[in-house]
Amino acid sequence: MILYKEKFVQFCMKFVLGLTGIILIFLTYYSLLSTSVLDPLKVETIVYIKDNIPLLILAVLLLGVGIICLGSLLKTWQPNVVRWRIFVSIFVLILGIGWIVFNNSLPFADGLMIDQSIDEFAVNDYSQLAPNGYFGKFPFQLNFMLFLQCIYSLVGNHNYIFLQTLNVVSLTVTLLLVANIAGRVFKSTHVEVITLLLSALFIPLIFYCAFIYSTIYGLLFSTISLYFMIRYMETHNMKYSFGIIIPLLLAVTLKSNYLIILIAIICMLIMDMIANKKIAPLAIILLLLIGQMIPGRLIKSYYQNATGMEIPKGIPSIAWVTMGMEEGSKAPGWYNQTMFKNYKKAKYNNEETAELSKKNITQRVEFFKDNPKKALVFYRDKTISQWNEPTFESLWVTYHGPHMKKTPISSFQKEIFYGKLNKVYLIYTNFYHLIILLFAILGIYISWKHHTYSVILFAVIFLGGFFFHTLWEANSKYTITYFLMLIPYAALGICLLLNLTKKGEVK
């Protein structure tokens, strides 16, 4: 029986790492061929530009040779992890806060609607709760609204600089935790330090902090949960269960996409149960499954009591799946108007909208059945449009173009968003994106030789995000948090080139 359990755990490890490796090879291939970029004259519209393949390959080879040569000088390198943590924290804080202050970016799209609704609610205007109102369509956004109201009660309404600075601080802590988790998973201070350095060089994620939304806050809470899960798996001390459950419930409440990390944690806990013959993780799993349903219902009940209005069910989740299967003006599977048309056609009824969405899906499935080549092209283009866009909309979420922001910008800002500096930024992010993918493949290969199932943690999260957005609405600014999960594997790959590790063995 024990032998079968060991074989099952090993099979799961190999399957996850193998599937991740295949996807990374696919993404690397298309990263070499072309780059997905945002059309500066349109709203979130993807265009494809050809890459200079020989130049990219030469740059990668030179970098690889440079790392190997550097490795000969670092054979006895014993990094001071605390100093590196301080250095990276200072760098991220200065760059992030500097970017925010320099650009003075404002909320837009969902963030703007939620922010404006706070003022409307303050004067008893609850029109956005009507079936055709913003919260009538998206009642789950009331969760983030309550979060903003709590923050504003402390720092004042519309304190955008504070919210963005809080993003930067949250991201700084997140990067420290991701690196620490990587060090614990691979049992290497070298991996932790290199993860820190690669994370600091992930400039799009730092610039992303200008985006006033729940993404970064939710990422922080879910990463805290991951940290305590690793601590639990190291010690099997149930005191860490609270650190797993509470932050993760906060993350899922702020942004339901973090259910992916909840599922990943449940998968790891199941592996732990099987490998170590312990029943305790089952209690954590049950509390997570039950607990994730409670905060949203409490918040909905709070707003119903406070406003005296019945909050609609809103647009059903299946409508996003429909959108993710359709062609669109932005890119395949990206945001379009279908869900709103169906919702209006169904007279703002959740169940009828779901039925219309199901019909759309059935029609699309039939089309894909009859046209398998077009189906492959659709999902290929959908994938590369969101995973091969190396800026991850980090500039667009700061400045949304002249058609969305009426305030004037400086000539220097124009250079960043549209001029020569924009081209420099695109070249940098494109190369960074490519080397993370390449080194991550190497890291996955090394992980394949391990016998510790915890090495698949980041891969499980990445796979969850990859397949979720293959089915769901596509958008490059949503995939940025999952790309972060590749950095520890890239750090492991760099350790191999530095000769700080051998296949299957981390120093």
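Heads up: the structure comes first, above all this text.
A separate point is the pairing of strand 1 (residues 34–38). In terms of burial, strand 1 is a largely internal element, five of the five residues being buried. Side-chain alternation along strand 1 places Ser34, Ser36 and Leu38 on one buried face and Thr35 and Val37 on a second face that is also buried. Alignment of strand 1 against strand 2 (residues 46–50), held across five bridges, turns out to be antiparallel. Directly across from Ser34, in strand 2, lies its bridge partner Lys50.

So, about the pattern of salt bridges. Per the stated rule, a full pass over the model turns up ten salt bridges. Salt-bridge contacts for Arg184 lead to Glu234; the nearest nitrogen and oxygen are separated by 3.0 Å. Within this pair, whereas Arg184 is found in helix 7 (residues 160–186), its partner Glu234 is found in helix 10 (residues 215–235), the two being separated by 50 residues in sequence. Among the ionic pairs, Glu393 bridges to Lys477, the shortest N-O distance being 4.0 Å. With a gap of 84 residues between them, Glu393 in the loop between helix 18 (372–387) and helix 19 (411–417) and Lys477 in helix 22 (residues 476–483) connect regions that are remote in the sequence. You can call Glu393 buried: its relative accessible area is 0%. If you follow the salt bridges from partner to partner, you end up with Glu44, Glu393 and Lys477 in one network.

Our next topic: a nonpolar patch on the surface. There is a patch of nonpolar side chains on the surface, built from Ile279, Leu282, Leu286, Leu289, Ile290, Met293, Ile294 and Leu298 and spanning about 740 Å² of accessible area. Those elements that place two or more of their residues in the nonpolar patch are helix 13 (280–291) and helix 14 (294–307). The element that contributes the greatest number of residues to the nonpolar patch is helix 13, accounting for four residues. On the secondary structure map, Leu286 appears in helix 13. Judged by its relative accessible area of 44%, Leu286 falls in the partly exposed class.

The rules behind these values
- Residues numbered from 1 in each chain as written.
- Predicted model: local features only at pLDDT ≥ 70, side-chain atom pairs only at ≥ 80, totals over all residues.
- Heavy atoms only, no water.
- Buried < 20%, exposed > 50% of the residue type's maximum accessible area, 1.4 Å probe, protein only.
- Helix = DSSP H or I, 4+ residues; strand = E, 2+ residues; numbered from the N terminus.
- Pairing = 2+ DSSP bridges.
- Salt bridge = Lys/Arg side-chain N within 4 Å of Asp/Glu carboxyl O.
- Patch = residues over 30% accessible without salt bridge, like charges linked within 9 Å, V, L, I, M, F, W, Y side chains within 5 Å.
- Areas by Shrake-Rupley, 256 points an atom, 1.4 Å probe, with all protein chains shown as cover.

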